[in-house]
Amino acid sequence: MTLPQGHLDLLKTDVAQRLLESKELARLAYVAADGTPRVMPMMFHWNGAEIVFATFAGAKKIKALRAKPDVAITIDTSGMPPEVLLLRGGAEVTDVDGVVPEYGLAHKRYGGEEQGKQAVAEVDKPGLKMARIAVRPTWVGVLDFMTRLPGGATPEEFANRGQS
């Protein structure tokens, strides 16, 4: 049986696992303090339960996420057929003195061990303050444009989209 969009077990699919381990940026969508939507492409770290982002103290998204923690996240590829992981959940923001551990882990995954160490060393100065943004998914969607298509369409329905 095919899992419906929204089911948390979709995190266990090959597509989801591939994207969570990839070097693709995650796009974090949230509502800014002025009430308008924002999408921020960010490096991330997946710890098996949460997708974690790191940002520096003073970033405007911190206050906005605390006020309205509901977010949407997408991680996707640009190749054909595209693969897409869609996540929804509440962002939990934690102030951190020093470097958020997942900041270094994300840099290592994206750029390798040396680049990860260098990225941490560049910012790890006395008085550094960061914020850890953790999202535990409450809704998961997967699109592979082969068997899982937008709107729950069958491959035949998707092939005929827009036709009368």
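Above this text you will find the structure in question.
An account of the accompanying structure is given in this report. No experiment lies behind these values; they were computed from the predicted model shown.

## Concerning the overall build of the protein chain
Looking only at helices and strands, the protein chain has five helices and seven strands in total. Along the protein chain, helices and strands appear, N-terminal first, in the series α-β-β-β-β-α-β-β-α-α-β-α. Judged by the C-alpha coordinates and their principal axes, the protein chain covers about 65 × 40 × 25 Å. Expressed as a percentage of its 164 residues, the buried residues of the protein chain come to 43%. For the protein chain, the share of sequence-separated contacts (at least 6 apart) that also reach a separation of at least 24 residues comes to 70%. A total of about 9400 Å² of accessible surface is found on the protein chain, and carbon and sulfur atoms cover 55% of it. Taken as two groups, the 20 positive and 20 negative side-chain charges of the protein chain have centres that lie 6 Å from each other.

## Observations regarding the side chain of K61
The topology assignment puts K61 in helix α2 (residues 60–67). No salt bridge is formed by the buried K61; the nearest opposite charge belongs to D95, separated by 12 Å. A polar contact is formed between the side chain of K61 and the side chain of T55, at a distance of 3.3 Å. Not counting the four nearest positions on each side in its chain, K61 is found in contact with Y30, M42, T55 and I133.

## Focus: the pairing of strand β1 (residues 26–31)
When a strand is regular, its side chains alternate between the sheet's two faces. Burial of β1 is one-sided: the residues A26, L28 and Y30 facing one way are buried, the residues R27, A29 and V31 facing the other way are not. Where β1 and strand β2 (residues 37–42) come together, six bridges link them in antiparallel fashion. The residue bridging V31 from the neighbouring strand is P37, located in β2. In this antiparallel pair of consecutive strands, β1 and β2, the connection spans five residues, and G35 shows a positive phi of 90°. Of the strand pairs in this sheet, β1 and strand β5 (residues 70–76) are connected by four bridges, and their pairing is antiparallel. Opposite A29, over in β5, you have A72 as the bridge partner.

## Here we look at the packing of helix α3 (residues 101–111) against helix α4 (residues 113–123)
The contact between α3 and α4 brings their axes to 7 Å, and the two run at 145°. Pair α3 / α4 crosses with right-handed handedness. Within the contact between the two elements, α3 uses Y103, G104, H107, K108 and G111 and α4 uses E113, Q115, G116, A119, V120 and V123. The residue makeup of the contact of α3 with α4, split by class, is four nonpolar, five polar and two charged.

Cut-off values and rules
Residues numbered from 1 in each chain as written. Predicted model: local features only at pLDDT ≥ 70, side-chain atom pairs only at ≥ 80, totals over all residues. Heavy atoms only, no water. Helix = DSSP H or I, 4+ residues; strand = E, 2+ residues; numbered from the N terminus. Buried < 20%, exposed > 50% of the residue type's maximum accessible area, 1.4 Å probe, protein only. Contact = heavy atoms within 4.5 Å. Areas by Shrake-Rupley, 256 points an atom, 1.4 Å probe, with all protein chains shown as cover. Lys, Arg positive; Asp, Glu negative; His and termini not counted. Charge placed at Lys NZ, Arg CZ, Asp CG, Glu CD. Salt bridge = Lys/Arg side-chain N within 4 Å of Asp/Glu carboxyl O. Polar contact = N/O pair within 3.5 Å; in protein donor to acceptor, adjacent residues only side chain to side chain. Pairing = 2+ DSSP bridges. Axes fitted to C-alpha atoms, helices over the stretch in contact; angles between N-to-C directions. Left-handed = near helix turned anticlockwise from the far one by under 90°. Nonpolar A, V, L, I, M, F, W, Y, C, P; charged D, E, K, R; others polar.

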